[in-house]
Amino acid sequence: MSDICKNWTQWLKQTRFSHMNEVQIQQTLNWLFAVRDIVISKANIRENDKIIDIGCGTGLLSFGIIEKYKDSVELIFSDKFEDCLDECKKLLQECNTPNRTSFLQSDCLDIKLPDFSVDKALTRSVLVHIVDKQKAINEIYRILKKGGIYSAFEPIIKSNTRYHELTTPDEITDWQAFKDAEDDFMTDSNDPLVNFDAESIAKNLDIAGFSDGDVDVQDTPSSYVATRGAIEQWFNSAPSPDRPTSKERFLKYFSEDKVNNYILELQNALHNKMIRVTSKTIFIRATK
Ligand SMILES: C[S@@+](CC[C@H](N)C(=O)[O-])C[C@H]1O[C@@H](n2cnc3c(N)ncnc32)[C@H](O)[C@@H]1O
């Protein structure tokens with residue numbers, strides 16, 4: 001596994017921005033805040049609600065809730081990993097915020113809360129890291145009170161523009177073989193990053209027992225100028241602390257020399273060119 005990313009806090013604070021320039025970082029932050037606001041608004045938060053932010057990471061959703069609702073709600077920061085909760089505790093002290101908060105170190109596959117214990121459950125980009133999404137959604141359903149709302153955002157990574165779509169066979173040696181490898185690992189049912197789409201999540205919600213599971217799909221096209229350095233980072237930055245980089249994925253199919261040559265040819269084809277990519281995302285809203 002890549003050693004450039006050791007834990008979730010490091011990934012959230014550094015690794016995920018490593019292939020971006022200053023402008024792209026600012027655009028990404030703006031986009032994250034916009035996503036945060038939609039997830040929070042879809043949860044329809046009311047005074048005295050007990051809310052859990054599952055897989056809170058560095059607290060994007062939680063601090064958004066605190067900013068908007070202050071002491072009027074009860075908030076649980078929850079994550080599987082201690083480093084995330086430690087980071088949130090630190091940030092909470094720094095921003096002199098309310099006292100109706102608690103911390104729960106818990107796997108979302110086995111949430112350490114009784115049935116019917118929260119009014120709202122929120123996640124952002126957490127299911128995408130869980131192989132068994134049905135189990136996680138069942139757990140979220142279990143801990144919600146009757147009438148409670150689950151609101152979430154997830155990227156549908158399997159629908160993103162793939163590397164081979166950015167080039168043509170005359171630009172890349174063995175283009176077809178690299179396409180086949182990429183299509184193979186981008187549809188691996190054991191890989192949590194790509195083993196789902198909007199339809200499967202809708203089905204998961206239904207099976208868990210949610211009556212009105214709504215999955216809102218958004219296709220976001222974007223254009224930017226690719227550079228050699230950014231392309232290097234596409235291949236070497238980890239999509240999460242525990243998943244292989246793109247380079248490591250290709251190394252399961254090809255020798256190191258061949259993968260290095262592929263990256264070089266991709267750089268030669270795309271350096272300083274405007275590329276157009278699409279990413280698909282979903283907002284989930286469901287009531288128990
Ligand atoms: C991409 S981050 C998202 C963090 C935060 N929700 C945000 O919007 O910035 C994924 C989070 O899921 C957490 N996570 C991963 N696997 C988990 C699990 N099995 N149970 C609970 N949390 C988990 C990670 O620790 C990390 O904080």
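Residues numbered from 1 in each chain as written. Predicted model: local features only at pLDDT ≥ 70, side-chain atom pairs only at ≥ 80, totals over all residues. Heavy atoms only, no water.

### Section: the overall build of the protein chain
Right, on to step 1. If you tally the helices and strands in the protein chain, you get 10 helices and seven strands.
Right, on to step 2. Its C-alpha atoms give the protein chain a radius of gyration of 20 Å, near enough to 19 Å, the size a compact globule of 288 residues would have.
Right, on to step 3. C-alpha atoms of the protein chain, sized along the principal axes, occupy 60 × 40 × 30 Å.
Right, on to step 4. Relative to its full complement of 288 residues, the protein chain shows a buried share of 49%.
Right, on to step 5. Long-range pairs, those at least 24 residues apart, make up 80% of the contacts in the protein chain with a sequence separation of at least 6.
Right, on to step 6. Accessible surface, the protein chain: about 13700 Å² in total, of which carbon and sulfur atoms supply 49%.
Right, on to step 7. Within the protein chain, the 45 negative side-chain charges are centred at a point lying 4 Å from the centre of the 36 positive side-chain charges. (Helix = DSSP H or I, 4+ residues; strand = E, 2+ residues; numbered from the N terminus. Rg over C-alpha atoms; globule rule 2.2 N^0.38 Å. Buried < 20%, exposed > 50% of the residue type's maximum accessible area, 1.4 Å probe, protein only. Contact = heavy atoms within 4.5 Å. Areas by Shrake-Rupley, 256 points an atom, 1.4 Å probe, with all protein chains shown as cover. Lys, Arg positive; Asp, Glu negative; His and termini not counted. Charge placed at Lys NZ, Arg CZ, Asp CG, Glu CD.)

### Here we look at the site of the ligand
Right, on to step 1. Near the ligand there are 19 residues, and of these G55, D79, D107, C108 and R124 occur at the shortest range.
Right, on to step 2. Within the side chain of R124, an N or O atom sits 2.5 Å from an oxygen atom of the ligand.
Right, on to step 3. Burial of the ligand by the protein amounts to 97% of the accessible area it has alone, namely 590 Å².
Right, on to step 4. The biggest single contributor to the shell around the ligand is helix α1 (residues 8-13), with three residues.
Right, on to step 5. Looking at the shell around the ligand, its residues break down into 10 nonpolar, five polar and four charged. (Near = heavy atom within 4 Å. Polar contact = N/O pair within 3.5 Å; in protein donor to acceptor, adjacent residues only side chain to side chain. Nonpolar A, V, L, I, M, F, W, Y, C, P; charged D, E, K, R; others polar.)

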